[in-house]
Structure formats: structure tokens, C-alpha cells
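Observations on chain architecture
Each chain is listed here by its residues.
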There are 2 protein chains.
Amino acid sequence: MKSIDYILANKQRFLDELFDLLRIPSVSADSKFDSDVRRAAEFIKEKFESAGVDKAEICETKGHPVVYAEKHVGDHLPTVLVYGHYDVQPADPYELWDSPPFEPVIKNDKIYARGACDDKGQMYMHVKAFEAMMANDELPCNVKFMIEGEEEVGSENLGEFVKANKEKLKADVIVISDTGIISNDCPSMTVGLRGLSYLEVEVVGPNRDLHSGMYGGAVGNPINTLCDMISSLIDDKGHITIPGFYDKVLELTTVEREAMAKAPFDLEEYKKELDIADVKGEDGFSTLERIGIRPTLDVNGIWGGYTGEGAKTVLPSKAYAKISTRLVPNQNSDEITALVKNHIESIAPAHVKVKVTPHHGGEAAVIPTDSDGFRAASKAFVQAWGKEPIPMRDGGSIPIVALFQDVLELDSVMLGFGLDEDAIHSPNESYGVFNYMKGIETITWFYKYFAEK
Amino acid sequence: MKSIDYILANKQRFLDELFDLLRIPSVSADSKFDSDVRRAAEFIKEKFESAGVDKAEICETKGHPVVYAEKHVGDHLPTVLVYGHYDVQPADPYELWDSPPFEPVIKNDKIYARGACDDKGQMYMHVKAFEAMMANDELPCNVKFMIEGEEEVGSENLGEFVKANKEKLKADVIVISDTGIISNDCPSMTVGLRGLSYLEVEVVGPNRDLHSGMYGGAVGNPINTLCDMISSLIDDKGHITIPGFYDKVLELTTVEREAMAKAPFDLEEYKKELDIADVKGEDGFSTLERIGIRPTLDVNGIWGGYTGEGAKTVLPSKAYAKISTRLVPNQNSDEITALVKNHIESIAPAHVKVKVTPHHGGEAAVIPTDSDGFRAASKAFVQAWGKEPIPMRDGGSIPIVALFQDVLELDSVMLGFGLDEDAIHSPNESYGVFNYMKGIETITWFYKYFAEK
């Protein structure tokens, strides 16, 4: 295809444009970045326009806007709906970044910046693949783009947007590039995603910070109590103790588990790369199973009392924690959120007041491997990477996949090209230049094969 | 005594001078206040000089300096050694203060400022009592002042100073005003103090913050693990589980406990004042016993992961806690520090690295009630307050009391006038104007009665 030559010929410009986007700190979780989030939306809209869409628009929501764009090339051609997001995770702790998170740089052929992979880099591949096909008159499908700005805060308003625009979003397949592959030697495609339930816990003891000498031992310490409560949520077998938590978890068959076990995985390499002496998880499951098919509970943040330099002998008034659970297919996010909230409130001892505030959630999803979209994606990988992609269950969450299945009755094709080493959500997030360019190629091939289906 | 009239006549100036001292943010725990700590030392030195000491000097230590001053009035007169400190606790959380911590104000006859009570207000009473007696030619004893700047960080260098200056510090009694009374209607004197052991715990998991979806459930979470470890330190009976922790604790006799139980204490009032539904502590002991005669363990601060606005699905690399224990007589601070450090390190699971760093400690002390100093102090209370003070065991720590017993072979008289409501170490620390003035009077009477012994 001429489009492929075009992509290779325009590599530097494709990188420069991504860098411009990465320089916009579109952190959706923190309101002080609201104007930057808006700027990122406008940036995307302009790029769609210059790439040749029929129309591009910024659609307002109760929160951050959705960028929608479409190109119609033929009534009888299939329609591809592309989903992505232009918002990013908070960048802190800033001090752990080797270079500023919003000043992208290339080192060892990797782009370093917040959002380099998740999801600006991967989302922008679609804009450039579209441009390439348009410029070479090779776009074989109608295409619609829905790029949101709230993925990192749970896509709070996307559901409403999708429900309100069912007709507008009508398509034959949804393509999402927001996942990863096992390695560049071993491409894979995500066929399962975990759901999410996220809550914030506030534990209040005495009505003011107290002197730990004058009151210690007689007045309950909210930090100790919060630790007791958190500790009680997981038993010594790595099992979550919240009543009903596992009730709806689908157990995989031995056959399915054996199939999963075939995925290449080197535990020693894994531990070495993370610099840990041992892994930890639920008894009776392998590391890949713990990530792919089992629900989990993690404390994402905790704070209380004196955290400055030196020593302060305070018995604090309050302690806080952010707690999230990852859910597997058939667990319902709202149900689990209610279970966790009620359980934590129910185990609060009399000497404290406990308040649990749900943040956001999302449903897990399983993606069929026998769809036209999945087959076209596989062919695209074979064409671009010379290898058949391995079906993988990812531990992450892309709540809207379940939403699309539910509202649009469409399965998503997870055409992601990230690597574990990209450290998304972490300091020094990166995305390989190779993966960025190869991703644009693969997407272009996908359109070709999907049109031929 | 003329001195008493003088004190009453100079009330406003005595308050103004204290306010000048309170405006200096002499936070010893935080190095960014080092120059302020120094300023506070110089302020004290000047006030001693203008009050008429023979000499006042700033004695350097490895840390913050000690202000020493003395007045010799007669070879055959007894000598009083006054100890106090001019450093203060950190003021944060600043947002919880109704008025800025270092801009003292008087509201409802109380002085509000960090250090108002602990210990600038109480220490400065001695400077003014001395001035009053000098001005009226009524100083009946030789007096030496040792005012340090590291009490809030464990008096790290005072031990060396005292050992190096045994001759210089020779005295017949030590007087310290850094404790409280039950209430203004029920004056009391501290006859027991708890020791302190303070450590900082660092828990390190993976070598970087991870995406809680991609790794959650398979990689140990340092926050969850820290909570597990902290939770395991105290059992459901409020008993500390660290092996050997209680080995040297002196159990009080039934008679002693019955005597303690006579101190006026209203549990309902106590809970109401702190706005807690219930107290919490070691089974089998009353609230006063839990504070006065039992050792405790409290988490003074905890932090890790994402603590900003909104939600971040991170599995953090590190988590931290500041943990302190209050010790009772016969427990050795260094021994307990080693016990706690070794225990916490020993229970660290294989999936994390745990580092425990001791901050500072101090020994507990019991003060005899049959000494000349204690009797003189009791008389001074009767004279100034019209009531005999009740002997009380305080839960706080003034490590140097044990140090003085050990090195100078002198018992301390705890001539403190603070109230629980003063909220020392907390936001909105205060000190009653009545207590400040009445304290200066009481100290003045103490000198008279001690000279007559």
C-alpha cells in the first residue's frame, strides 16, 4: 500500500505532532489542569480536520468533552468506530521522573512523557493512520472517532454520551488501542479486561490532633485503626475477606487455564525487572492468572498524621486511604462497590467514625476471538509483525468495552501496542518509537483486511 | 512579698515579651527553621541579662544550642536549677489553625500560638519570676538556668552537655515547668513520666510505581503490607505483641492503683471533649492507668501512593510510617527501640524490603514525693492556689528527668501549669493567661519555701 510508504516517509512529523500533544498536561483527575484538558481536545479536533474528516466536533459533557470526528466514504462499506482518550494520569511523584513528564524526550528509541503510551501515543496512531489512507486515497471503510477526556477518572460521562448518540455511533466494529503486547518479539491481543471499583476511606478519631503522650494508649488512633481495617480485608492466603466478593466470579475450566499457561512468561525475569525477591498473590493461582482472571484489592494511597521531616509525637484526628478492587467478568462494579463500602463501614470500631466515598468504577469484559474484527486484526499483525498475535487476558480496566457491548451491542478489538516496560501510570512513562510507527502500519492494514471480510 | 505585687503590676509587659518569643517559629524538627531556633536562643539570653543574671551564654552543641544563665546570691544558700526548652513542635497541619500559629492572639483569656504552653509560655514564667525577685531584692536562692532547643526532637545533645558540665550544673533541686495540672480548680503535680522510643519505617516493594491493573494481585503492595505489619503490632486486647516488650514493665500494686483511681476523672466528659463514642486501650486498665502506668504504641504518621485529588490506580513502590512507643519506668528506651526495630524487620515478608530507622528516645521517670523540693512546691501551690496539689502520673515524656536523676543525681520538681485543653502538639495550642500569671507567682513562692527548708 502507498499508505505504508507515506507513513515511513512522514515519521519525523508524526513524532513532532505527538510531542506537541504530549506537552499539554491534560490530567483529568485534577481540576487545576481543566484548561489543559480542553486544549488537548481542541488539538485533536484540529488534527482530524487537517487529516480530512467530513466533520470534527467537541461534544460537551458534564465533565471533560468528547472529541467526535467521522469520514464517510461509501454507503455499502463497513464502518469502523475508533475509541481512545486524550486525558492522562496525574504525573506525581514528579521527583521520580528523569525528565519532566510534560516535556517529551526520546532516549534509546523510546518516547518519555506522561501519556506517551497511555493513551495519547496509541490514540494518535489512529489519527495518523487515517491521514495516511486519506492522503493516498486508500481508506477502505467509513470511520468514526470518539476520543474522550475522562478515561483516567472512570469515563464518568461517556455512558450518557454513548446512550444519547447510539445512531451517530452506529458501526460494525470498535477498535481501541489502549492495551499492550507481551513483547515486540511476541505480539498479542487483549481478549479480557478487568473491571474496577474505587473508593476513598476516611477514618476520624478524636476531634483534633492529640499529644501521643498525654492520650496515647487511651484514645483510639485512626491510623492504627485504618491499618487494622485494611489488613483485615485480605487474609493470609491472599483471599479477599469481604462477604460476597467472589460470589459472581466465573471460575475458568482446567482447559482454559492450561491454554493461558501456554503464554510465554518468565517469573524470574519478572521479579528481576521489578527488583522484588518474591511475588505475592492469591494462593492456588499463577502470576498470569492472578492478573488476568482473579479479582484483587489494592490500597492506591494512604495518608494521615505527621509526614514531614523528623519526629512529631501526634495522635492524629484523621487518616485516609484510597482503595480499589479489580474485577473479573460477571462481577458487577456497582454491586462490588456497595459490598466493599458496607463491609468497611460495618467493621469500623466504636472509637472512630468511618466514611467511605465511592470514586468511580467500570465493568470487566471478555472479547470474542471469532469475530471479523478480531480476524482482521490478527491478519494485520501477521502482515506488519510477521507473527500471529497471542490472545491475552489483561489485568487493566477499560470500562467502556463493557459499555459498548451493552449499549452499542458491538465488540471491541483491542489493537494495542504498549509494553510492560512503558511504565504507564508510573514516573518515566514511555512508548517505543518502533511501537508507535509499527502501530500506525498495523492499524492501516487492519482497515484493509476488515474491508475485505 | 513585694515580688508578687511586681508581677501583677507588670502583667501586660510579661505578656508582650512572651508574644515576642512566640512569634519566632523555633521548630527544632525541621531544618528550614534553624535560624529561627537560633533567634529564639538569643532572645532568651538577652532577657536573662536584662533580668539581672551574673552571666548568660549560648552554649553550642552538635545540634541546637543550650542557653545557660546563673545568679549567685550566697555561698550558703541552696541552688535551684531550672530546666526548660525554647524549641516547639512543628505547627502543621496549618490549615486547622484558627489563627496563624506564630502570630499569637488572646481569645477568652487564652494565648493561642504554637509553643504558648509547650514550653515557651511555661519556661518564660521562670524568667519573669526571676526578674520579679531580683527587682525586689527577694531572690532567696542561687539559681541556674538551662534552656535547651532540642526537647521536641528528643534532647539529642543535652545528655552530652549535662555530662560535660556536671560541676557547672551542681544544684540542690531541678525545677521544670513543662507539664500540666488536672484543672484550675484541681491543681496537681506530675510524679511520673513515660519514656519514648520513636522509629520510622520504610517499606519498599517494586522498583517503581506500577499500574494497579497490570500488576495488582500479583505484586505485593507496600501499603497493604505496611498495614498488615502495623496491625500485627497490637492484638485485639490492646496488647503490644512485640516479644519482650513488657518484660521490664513494673506492675503497680493494688494499693497504688487504688490511690491512682482517686484522682478525679469523668470518662463521659473526656469522651465528650474529644467527640469520641468510646475510648480504646489495653484490656484490664482504666483510662488514667492506660495513660499513666502502661506502655503504648502509636502510629504518628503514615504515607504512600497517590494522596492527591481524585483517583489514581497505582500500586506504589514505597510506603512509610512513623511509629512511637511510650514507655514506663524500668523499660529502657534503647532496648525497646532495638526490640521494635528487630521485630518489625523480622516480620517483613519476602515480597518487600523493610528499613527501620530510630529517631530518638527517652527514659521514663518516677519522681519522689518526699523531697524538700516537692514539699516546697506543694506549699507554693497552697499559697498561690489555695489547694494542695494532687500527685499525678503523666503520660508524656520529658526524657531529661531520668537523665538528671542519672547524671546529676538530682530529682526534678514538675512545677507545670498546663491544661489538657491547651492542645499542645495540636493545632490551636493555647495557654491560659491566668495560668501564665499564676504560674509566675507559684514559682516565686517556691523559691521562698525552698530557701526556708
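Residues numbered from 1 in each chain as written. Chains lettered and ligands numbered in written order. Predicted model: local features only at pLDDT ≥ 70, side-chain atom pairs only at ≥ 80, totals over all residues. Heavy atoms only, no water.

Of all hydrophobic cores here, the largest spans 80 residues; its most connected members are Phe48, Tyr436, Phe446 and Tyr447 of chain A. Per-element tally for this core: the top contributor is helix α14 (residues 433-452) of chain A, with 10 residues. Counting 79 residues, the second-largest nonpolar core is a separate cluster that includes Met133, Leu139, Val175 and Ile291 of chain B. (Core = buried A, V, L, I, M, F, W, Y, C linked by side-chain atoms within 4.5 Å. Buried < 20%, exposed > 50% of the residue type's maximum accessible area, 1.4 Å probe, protein only. Helix = DSSP H or I, 4+ residues; strand = E, 2+ residues; numbered from the N terminus.)

Further remarks concern the environment of Val201 of chain B. All names here are of chain B. With respect to the element layout, Val201 can be found in strand β9 (residues 195-204). On the basis of relative accessible area, Val201 is assigned to the buried category, the value being 1%. For the pair Val201 and Lys322, spaced 121 residues apart in the sequence, the C-alpha separation amounts to 6.3 Å. Ignoring sequence-local partners within four residues, the contact set of Val201 consists of Leu226, Ala319, Tyr320, Ala321, Ile323, Ile344, Val354, Lys355 and Val356. (Contact = heavy atoms within 4.5 Å.)

Right, let's talk about the side chain of Glu152 of chain A for a bit. Along the chain, the position of Glu152 of chain A falls in the loop between β6 (142-148) and α5 (158-164). For the buried Glu152 of chain A, no salt bridge exists, and the shortest N-O distance to an oppositely charged side chain is 7.5 Å, to Arg114 of chain A. The residues touching Glu152 of chain A, leaving out its near neighbours within four places in the chain, are Ser28, His85, Asp87, Val88, Gln89, Asp118, His360 and His425 of chain A together with Ala311 of chain B. (Lys, Arg positive; Asp, Glu negative; His and termini not counted. Salt bridge = Lys/Arg side-chain N within 4 Å of Asp/Glu carboxyl O.)

Residue and element names in this part refer to chain B. Counting buried positions along strand β13 (residues 318-327) gives eight out of 10 residues, so the element sits mostly inside the fold. Two strands pair when backbone bridges link them, and β9 and β13 are joined in this way by 10 bridges, in the antiparallel orientation. If you follow Leu199 over to β13, its bridge partner there is Ile323. Inspection of the sheet shows strand β11 (residues 296-305) paired to β13 by eight bridges, in the antiparallel sense. Of the residues in β13, the one forming a bridge with Trp303 is Tyr320. (Pairing = 2+ DSSP bridges.)

In this section: the packing of aromatic side chains. All names here are of chain A. Applying the stated criterion to the full structure yields 32 aromatic pairs over all chains. Ring geometry for Phe245 versus Tyr246: centroids 5.3 Å apart, planes at 80°, classification edge-to-face. Grouping residues by exposure puts Phe245 and Tyr246 together as buried. One aromatic cluster is present, built from ring pairs that chain together Phe381, Trp385, Phe417 and Phe434. Across the ring face of Tyr68, the terminal group of Lys168 is positioned such that the distance to the ring centre comes to 4.6 Å. (Phe/Tyr/Trp six-rings, centres within 6.5 Å; stacked < 30°, edge-to-face > 60°. Lys NZ or Arg CZ within 6 Å of the ring centre and 35° of its normal.)

Another aspect to go through is the UniProt feature "domain: Peptidase M20 dimerisation" (unreviewed entry) in chain A. With numbering aligned to this structure, UniProt lists the feature "domain: Peptidase M20 dimerisation" (unreviewed entry) at residues 192-350 of chain A. As annotated, residues 192-350 of chain A has a helix share of 31% and a strand share of 23%, and its two end C-alpha atoms lie 42 Å apart. (UniProt positions renumbered as here; feature names shortened; annotations may be inferred.)

Attention shifts here to the interface of chain B and chain A. Chain B puts 89 residues into the contact, and the matching count from chain A is 89 residues. Of the roughly 7,500 Å² buried where chain B meets chain A, counting both sides, 51% is carbon and sulfur surface. Scanning the region where chain B abuts chain A turns up four salt bridges. A salt bridge links Lys353 of chain B to Asp275 of chain A, with the shortest nitrogen-to-oxygen separation between them at 3.5 Å. Grouping the amino acids of the side of chain B that touches chain A by side-chain chemistry returns 34 nonpolar, 32 polar and 23 charged. (Buried area = accessible area lost by both parts, 1.4 Å probe. Nonpolar A, V, L, I, M, F, W, Y, C, P; charged D, E, K, R; others polar.)

Residue and element names in this part refer to chain A. Strands sit in the order β1-β2-β6-β3-β7-β17 across an open sheet of six strands; the sheet is mixed. A single partner strand is all that each edge strand has here, and the edge strands are β1 (55-59) and β17 (412-414). Adjacent strand axes in the sheet meet at a mean angle of 20° when their direction is disregarded. Here helix α3 (residues 34-51) sits on the sheet and contacts β1, β2 (66-71) and β6; the angle it forms with β1, its principal contact strand, is near 170°. (Axes fitted to C-alpha atoms, helices over the stretch in contact; angles between N-to-C directions.)

All names here are of chain A. If you check the domain split of chain A, you get domain 1 (2-193 + 364-451) and domain 2 (195-249 + 295-362). A straight line from the C-alpha centre of domain 1 to that of domain 2 covers 35 Å. The partner domain 2 presents 10 residues to the 13 residues of domain 1 that form the contact. Contact with domain 2 buries surface across domain 1, with Ala364, Ser397 and Pro399 losing the most and accounting together for 54% of the total. (Domains from an automatic or database assignment.)

Once that is clear, we can look at the relation of the copies chain B and chain A. One copy of the chain maps onto the other through a rotation about an axis plus a displacement along that axis. Least-squares fitting of chain B to chain A yields an RMSD of 0.0 Å, with the transformation described by 0.0 Å of translation along the axis and a rotation of 180°. The superposition operator between the copies reduces to a two-fold rotation axis. Interface overlap between copies: 100% of the residues of chain B at the interface are likewise at the interface in chain A, consistent with a symmetric, same-surface contact. (Least-squares fit on C-alpha atoms with pLDDT ≥ 70 in both.)

All names here are of chain B. Taking 1.5 Å per residue as the helical rise, helix α12 (residues 372-385) with its 14 residues ought to reach 20 Å, and the 20 Å between its terminal C-alpha atoms agrees with that figure. Every buried residue of α12 is accounted for by Gly373, Phe374, Ala376, Ala377, Ser378, Ala380, Phe381, Ala384 and Trp385. Buried positions along α12 lie against β7 (173-176), β8 (188-193), β17 (412-414) and α14 (433-452). (Expected span 1.5 Å × (residues − 1).)

Residues and elements named next belong to chain B. Across the sheet, which stays open at both edges, the three strands sit in the order β4-β5-β18 with antiparallel pairing between neighbours. At either margin of the open sheet sits one strand with a lone partner, and together these are β4 (105-107) and β18 (430-432). Each adjacent strand pair in this sheet contributes to an overall mean axis angle of 30°, direction not counted. Of the strand pairs in this sheet, strand β5 (residues 110-112) and β18 are connected by three bridges, and their pairing is antiparallel. From the neighbouring strand, Ile111 faces β18, where its bridge partner is Tyr431. Set on the sheet, α14 makes contact with β4, β5 and β18; between it and β18 the angle comes to about 60°.

Residues and elements named next belong to chain A. Relative orientation of the contacting elements helix α2 (residues 11-22) and helix α4 (residues 120-135) amounts to 135°, with a least axis distance of 10 Å. Between α2 and α4, the interaxial angle falls into the category oblique. Crossing of α2 over α4 shows right-handed handedness. Where α2 abuts α4, its residues Arg13, Phe14, Glu17, Leu18, Leu21 and Leu22 lie against Lys120, Gly121, Met123, Tyr124, Lys128 and Glu131. (Parallel < 35°, antiparallel > 145°, perpendicular 65-115°, else oblique. Left-handed = near helix turned anticlockwise from the far one by under 90°.)

All right, on to helix α13 (residues 400-408) of chain B then. Across the nine residues of α13 of chain B, seven count as buried, placing the element largely inside the fold. In the stretch just after α13 of chain B, Glu409 of chain B is the one whose phi turns positive, near 50°.

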